[in-house]
Amino acid sequence: LLARPMLFILPVLRFDLVPTVFAVGALAVIHRRPRWFGALVGVGAMIKVWPILLLFGEWDRRKLLRSLVATIAVCALMFAASAILFGDQTGFISNQDARSLQVESVAATPWSLRQMITGEVPNIVGDFGTNQIASGPADAIAAVLTWVSVLFLFAAAAWWVFRGRAIRRGAIELRDDSVSRDFIFVLVLWFVVISRVLSPQ
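Undergrad: Sorry if this is basic, but what is going on with the packing of helix α3 (residues 34–47) against helix α4 (residues 61–86) here?
TA: Relative orientation of the contacting elements α3 and α4 amounts to 40°, with a least axis distance of 7 Å. By the criterion of interaxial angle, the relationship of α3 to α4 is oblique. Note on packing geometry: the crossing formed by α3 with α4 is right-handed. In this structure, α3 uses P34, R35, F37, G38, A39, V41, G42, V43 and M46 to contact α4, whose residues at the interface are K63, R66, S67, A70, T71, V74, C75, M78 and F79. Residue classes in the contact of α3 with α4 are distributed as 11 nonpolar, 4 polar and 3 charged.

In structure tokens:
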């Protein structure tokens, strides 16, 4: 967290580092300070959406509720401030839905390999502030990955429910902070792999 200012311009060029800093900060206080945890998740989620996944790490329902209230409050405050300073901020919702397979996503690897082997450059279109592969197969893969991501979120929610039940039945080893952090780490890694837009950077 303290190293963030020492990176100078790098987080501006690769601003994925910035929500990651907030995610790490949130995981540092998970289970101990639910409001701080939720607030840090909220700030990270307003920069990039993926830090919202961290909420799956809090197994205690009362603490999760406090975290969720803090997340929503921070998001609402930042959204309102952005709307006042920069105008309408709802465009990202339709833009996100319209995005196809991003060049930096894991699923775009076959196109990158084909370019390295054959020299054939994929049809790349700059749209919605990103570079996307414009082709029928890329659009089909993007559509499939969208549904896979939704199913993945349901699977994560199911694990969260089963974990909570197991803890209430006496599986105290599942209460450990490291279980939450490991679960979140695996969740984020898998979400990066199956996302049509997230980059492994």
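The structure having been displayed, the exposition proceeds.
Undergrad: Would you take a moment to explain unusual backbone geometry for this structure?
TA: Peptide bonds are trans in most cases, and residues, glycine excluded, mostly fall at negative phi. The residue H31 is not glycine, and still its phi comes out positive at about 75°. Judged by relative accessible area, H31 falls into the buried class, the value being 9%.

Undergrad: Before we go on, may I ask you to explain the packing of helix α7 (residues 136–168) against helix α8 (residues 177–194) in this structure?
TA: One can describe the packing of α7 onto α8 by two numbers: an axis separation of 10 Å at closest approach and a directional angle of 170°. As summarised for this structure, α7 and α8 are arranged roughly antiparallel, according to the angle between their axes. Residue-level contacts link L145, V148, S149, F152, L153, A156, W159 and R163 of α7 to V179, S180, F183, L187, W190, F191 and I194 of α8.

Undergrad: Is there a simple way to think about the pattern of salt bridges in this case?
TA: Note on pairing: side chains with opposite charge can pair once their charged atoms come close. All told, the structure shown has 3 salt bridges when counted by the stated rule. A salt bridge links D177 to R32, with the nearest nitrogen and oxygen atoms 3.5 Å apart. Taken together, the residues D177 in helix α8 and R32 in the loop between α2 (17–28) and α3 connect sequence positions 145 residues apart. Using a relative accessible area of 54% as the deciding quantity, one classes R32 as exposed. Of the charged contacts, one joins R114 and E120 as a salt bridge, the two residues approaching to 3.8 Å between their closest N and O atoms.

Undergrad: Help me out: how do you make sense of the layout of surface pockets in this one?
TA: Where empty space is left becomes clear once a probe the size of a water molecule has been rolled over the atoms. Considered as a void within the structure, the second largest pocket measures approximately 370 Å³ in volume. As for the second largest pocket, its lining consists of 17 residues, and the residues nearest its centre are T20, W50, F185, V188 and V192. Of all the elements in the fold, those that place two or more residues in the lining of the second largest pocket are α2 and α8. When its residues are assigned to classes, the lining of the second largest pocket shows 13 nonpolar, 3 polar and 1 charged.

Undergrad: Where do I start with the nonpolar core in this structure?
TA: Nonpolar side chains in soluble globular proteins tend to be buried together. Judged by nonpolar contacts, the single largest core of 25 residues is most densely connected at F37, L54, F56, I184 and L187. Of all the elements in the fold, those that place two or more residues in this core are α2, α3, α7 and α8. Considering each element in turn, this core owes the most residues, 7 residues, to α8. If we skip the residues at most four places from it in the chain, F56 touches L153, A156, A157, W160, F183, I184 and L187. Listed in part, the 8 residues of the second largest apolar core include L101, A108, W111 and A138.

Procedures and definitions
Residues numbered from 1 in each chain as written. Predicted model: local features only at pLDDT ≥ 70, side-chain atom pairs only at ≥ 80, totals over all residues. Heavy atoms only, no water. Axes fitted to C-alpha atoms, helices over the stretch in contact; angles between N-to-C directions. Helix = DSSP H or I, 4+ residues; strand = E, 2+ residues; numbered from the N terminus. Parallel < 35°, antiparallel > 145°, perpendicular 65-115°, else oblique. Left-handed = near helix turned anticlockwise from the far one by under 90°. Contact = heavy atoms within 4.5 Å. Nonpolar A, V, L, I, M, F, W, Y, C, P; charged D, E, K, R; others polar. Buried < 20%, exposed > 50% of the residue type's maximum accessible area, 1.4 Å probe, protein only. Salt bridge = Lys/Arg side-chain N within 4 Å of Asp/Glu carboxyl O. 1 Å grid on protein atoms, 1.4 Å probe; cavity = no way out; pocket = protein on both sides within 12 Å on 5 of 7 lines; lining within 4 Å. Points joined across faces, edges and corners; volume = space filled by probe spheres on them. Core = buried A, V, L, I, M, F, W, Y, C linked by side-chain atoms within 4.5 Å.

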